[in-house]
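# Observations on chain architecture
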Amino acid sequence: MKAHVDRDKCISCGLCASICPDVFEMDEEDISVVIVDEIPKDSESCSIDSQEGCPTDAIIVDE
Ligand code: SF4
């Protein structure tokens, strides 16, 4: 399972980095970045929650 953030859509709310810090981090421009290639098993649930909770649909999580 992998995650991707569309930088153009991210509005820097911080939700994903807050609820799923092993996958998402805010970079120096305060835009979310994915910090792993493969999502660790124990972060799959919070990655999906991030995708569903992102206010601008900037996150894509797929197999
Ligand atoms: S939840 Fe969406 S808008 Fe908020 S920081 Fe993460 S990617 Fe950006």
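Residues numbered from 1 in each chain as written. Predicted model: local features only at pLDDT ≥ 70, side-chain atom pairs only at ≥ 80, totals over all residues.

## Considerations on the site of the ligand
Neighbouring the ligand are 15 residues, the closest being C10, C13, C16, S32 and C54. The class makeup of the residues in the shell around the ligand is ten nonpolar, five polar and no charged. (Near = placed C-beta within 6 Å. Nonpolar A, V, L, I, M, F, W, Y, C, P; charged D, E, K, R; others polar.)

## Some remarks on unusual backbone geometry
A negative phi holds for most residues other than glycine; trans holds for most peptide bonds. Phi is positive for S12, which is not a glycine, with a value near 65°. When you line up the elements, S12 lands in the loop between strand 1 (2–5) and helix 1 (15–19). Judged by C-beta crowding, with 12 C-beta atoms within 10 Å, S12 ranks as exposed. (Helix = DSSP H or I, 4+ residues; strand = E, 2+ residues; numbered from the N terminus. Buried ≥ 20, exposed ≤ 12 C-beta atoms within 10 Å, placed from the backbone.)

## Here's the deal with the environment of A3
Summarising the element assignment, A3 is placed in strand 1. C-beta crowding within 10 Å serves as the criterion here: with 26 such atoms nearby, A3 is assigned to the buried category. A3 has contacts with V23, V34, I39, S47, I59 and V61, leaving out every residue within four places of it along the chain. (Contact = placed C-beta atoms within 7 Å.)

## Comments concerning the environment of I48
Relative to the elements of secondary structure, I48 occurs in helix 2 (residues 44–53). Taking the C-beta count within 10 Å as the criterion, I48 has 16 such neighbours and is therefore assigned partly exposed. Once the C-alpha coordinates of I48 and E28 are considered, the two residues, 20 residues apart in sequence, prove to be 24 Å apart.

By themselves, these observations are geometric and do not establish any function.
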